[in-house]
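Single-letter residue listing:
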Amino acid sequence: MASEPAVELTAVRKEYGKTMALDGISFAVEPSEFFTLVGPSGCGKTTTLRLVGGFEQPTSGTVQFGGRDVSGLPPEDRDVGVVFQNYALFPHMTVSENIAYGLNFSEPPGDVTDEERVSELLELVDLAGMEDRDPAALSGGQKQRVAMARALAPGPEILLLDEPMSALDAQLRERLRITIREIQQELGITTIYVTHDQEEALAISDRVAVVNDGGIEQIGTPEQIYDEPKTEFVAEFIGDNNVFTGVITALDETVTVDLGEETVDVAPADTLDEPTVGDRMRFCVRPEDFVVGQERNSIRAHVESAEFLGDRTRVHLSWGGTELLALTDEPLDGEVSLGFEPADAHIISQY
Ligand code: ATP
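## What to know about the pairing of strand β2 (residues 19-29)
Part 1: Examined bridge by bridge, strand β1 (residues 7-16) and β2 share eight bridges and lie antiparallel to one another. Bridge pairing in β2 links Y16 to T19.
Part 2: From the end of β1 to the start of β2, which pair antiparallel, there are two residues, and G17 there has a positive phi angle of about 55 degrees.

This is the structure in structure tokens:
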């Protein structure tokens, strides 16, 4: 029999007075999985994490750990470790004392003393030698590693991380996310991670849930989320994208779409309803999938401006009244044709 999900939310709603924070969300996290909730500010990510941690209770719906209903259990009875955005270290305690605080309410896992456990954790988060420092004498990244060690001290089944890197600069975030991923894999601990940073979500996760306005838009591997967005929100929130609307004029191996001035072919999507000639539809093409200068299967657009990124140039174009983005190796100007392969165009809706 397949194992039960480590964490499963079923039809969870959360209302704060008249505010609907979560509108009946469901998802399952597998044991040892790194699962990320990503979405814009106010979409309900933190609320979801707090419900998993037991800091909030759902208005309706259930939260299960390993098939066991934990709705109603307080955080201390849930076997979760939590790391919040703002370190939350005790300033008057040393690094070791902060980590040992995580053992105040439970025994260390395995047959070790508290001191031995703290040493193990200092090694794990690569802070050996810094045990006697005050938190004030640590960098932001080191503080977050202490916070992570403290959360991991009792050997929880589940690790919850709420924007743990939001206070750090971009370079440090990139380094720390590699560390977090390595620690997660070394321990094999089921992890739920919250971020508003889509690049971070793609880089760090086994699977990603894109959250918008109290609901889940799509759950999938980073590749699925990036390559096969199922909704317009996902297409536009995850990475740059160009969205087109047109009318289906022919169906063959590809779907032919009239965009007004131009007609192009896109690959059919097996996940949508059978397309019909005359239906309107939307599809998207990534900036890196445009082939500048290709006349076949192309649209004509006007270059407005360009940003030199070092390895590539990001070109802003206008097509009718619509803004488009393309990535090229060389600067462009004037009128250009932007071609693309039908298979690189992803249908996101038809109506
Ligand atoms: P952010 O990235 O800004 O932290 P988020 O996606 O984590 O956003 P939540 O904090 O989960 O979003 O909030 C979801 C919605 O619920 C928001 O509209 C928020 O204002 C509301 N909300 C959250 N907590 C409370 C509360 N304690 N009382 C009232 N409303 C709340």
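## What about the domain arrangement of the protein?
Interfaces are often described in size by the accessible area the parts lose on coming together.
Part 1: As assigned here, the protein comprises domain 1 (7-236) and domain 2 (240-350).
Part 2: A straight line from the C-alpha centre of domain 1 to that of domain 2 covers 38 Å.
Part 3: Contact with domain 1, which involves nine residues of that partner, is made by ten residues of domain 2.
Part 4: Summed over both sides, the interface between domain 1 and domain 2 buries roughly 830 Å², with carbon and sulfur atoms accounting for 47% of that surface.

## Regarding a negative patch on the surface
Part 1: A surface patch of like charges, here negative, comprises E107, D111, D114, E115 and E116.
Part 2: In this structure D114 comes out as partly exposed when scored by relative accessible area, which is 33%.

## As for the sheet that holds strand β14 (residues 280-285)
Part 1: Spatially, five strands are ordered β13-β12-β11-β14-β20 in an open sheet, and the strand pairing comes out antiparallel. Each of the sheet's edge strands pairs with one partner strand only, and the pair in question is β13 (263-266) and β20 (345-350). With strand direction ignored, the average angle separating the axes of adjacent strands in the sheet is 45 degrees.
Part 2: Sheet topology places strand β12 (residues 255-258) next to β13; four bridges connect them, and they run antiparallel. Within the sheet, the bridge partner assigned to T256 lies in β13 and is D265.

## A word on the pattern of salt bridges
Where side chains of opposite charge bring their charged atoms close, a pairing between them can arise.
Part 1: All chains considered together, the criterion is met by 18 salt bridges.
Part 2: One salt bridge in this structure joins R13 and E15, with 3.2 Å as the shortest N-O distance.
Part 3: Note on R13: relative accessible area 28%, which makes it partly exposed.
Part 4: Notably, a salt bridge pairs E307 with R314, separated by 3.3 Å at the nearest N-O pair.

## Some thoughts on the side chain of T48
Part 1: The topology assignment puts T48 in helix α1 (residues 45-53).
Part 2: For T48, the residues in contact, after removing those within four places along its chain, are L9, L22, I25, F27 and L37.

## Some thoughts on helix α4 (residues 140-152)
Part 1: End to end, α4 covers 18 Å across 13 residues, agreeing with the expected 18 Å (1.5 Å per residue, within 8%).
Part 2: Of all 13 residues in α4, twelve are buried; the element is thus mostly enclosed.
Part 3: Within α4 the residues assigned to the buried category are G140, G141, Q142, Q144, R145, V146, A147, M148, A149, R150, A151 and L152.
Part 4: The elements touched by buried residues of α4 are β6 (80-83), α2 (95-101), α3 (114-124), β7 (158-162) and α5 (170-187).

## Considerations on the nonpolar core
Part 1: In terms of nonpolar packing, the biggest core is built from 31 residues, with I99, M148, L152, L159 and I180 touching the most fellow members.
Part 2: Of all the secondary-structure elements, those providing two or more residues to this core are α2, α3, α4, β7 and α5.
Part 3: With sequence-adjacent residues up to four places away left out, L159 is seen in contact with G81, V83, M148, A151, L152, I189, T190, T191 and I192.

## Some words on the site of the ligand
Part 1: Around the ligand, the neighbouring residues are Y16, T19, A21, P40, S41, G42, C43, G44, K45, T46, T47 and E163.
Part 2: Backbone polar atom of C43 to an oxygen atom of the ligand: 3.0 Å apart, as the coordinates give it.
Part 3: At 3.0 Å, a backbone N or O of G44 approaches an oxygen atom of the ligand.
Part 4: Secondary structure elements with two or more residues in the shell around the ligand: β2 and α1.
Part 5: A total of three residues in the shell around the ligand trace back to one element, the largest contributor, which is α1.
Part 6: Residue composition of the shell around the ligand, grouped by class: four nonpolar, six polar and two charged.

## Describing the environment of G141
Part 1: Examined against the element boundaries, G141 turns out to sit in helix α4.
Part 2: Taking the C-alpha atoms as reference, G141 lies 19 Å from I192; in sequence the two are 51 residues apart.
Part 3: Once residues within four sequence positions are removed from consideration, G141 is found in contact with L168, L172 and L176.

## Structural notes on the packing of aromatic side chains
Part 1: If you walk through the whole model with that rule in mind, you get nine aromatic pairs.
Part 2: Every member of this aromatic cluster is reached through a ring pair, and the members are F244, F283, F290, W319 and F340.
Part 3: R286 extends its terminal NZ or CZ atom over the ring of Y226, reaching a point 3.7 Å from the ring centre.

The rules behind each value
- Residues numbered from 1 in each chain as written.
- Predicted model: local features only at pLDDT ≥ 70, side-chain atom pairs only at ≥ 80, totals over all residues.
- Heavy atoms only, no water.
- Pairing = 2+ DSSP bridges.
- Helix = DSSP H or I, 4+ residues; strand = E, 2+ residues; numbered from the N terminus.
- Domains from an automatic or database assignment.
- Contact = heavy atoms within 4.5 Å.
- Buried area = accessible area lost by both parts, 1.4 Å probe.
- Patch = residues over 30% accessible without salt bridge, like charges linked within 9 Å, V, L, I, M, F, W, Y side chains within 5 Å.
- Areas by Shrake-Rupley, 256 points an atom, 1.4 Å probe, with all protein chains shown as cover.
- Salt bridge = Lys/Arg side-chain N within 4 Å of Asp/Glu carboxyl O.
- Lys, Arg positive; Asp, Glu negative; His and termini not counted.
- Charge placed at Lys NZ, Arg CZ, Asp CG, Glu CD.
- Buried < 20%, exposed > 50% of the residue type's maximum accessible area, 1.4 Å probe, protein only.
- Axes fitted to C-alpha atoms, helices over the stretch in contact; angles between N-to-C directions.
- Expected span 1.5 Å × (residues − 1).
- Core = buried A, V, L, I, M, F, W, Y, C linked by side-chain atoms within 4.5 Å.
- Near = heavy atom within 4 Å.
- Polar contact = N/O pair within 3.5 Å; in protein donor to acceptor, adjacent residues only side chain to side chain.
- Nonpolar A, V, L, I, M, F, W, Y, C, P; charged D, E, K, R; others polar.
- Phe/Tyr/Trp six-rings, centres within 6.5 Å; stacked < 30°, edge-to-face > 60°.
- Lys NZ or Arg CZ within 6 Å of the ring centre and 35° of its normal.

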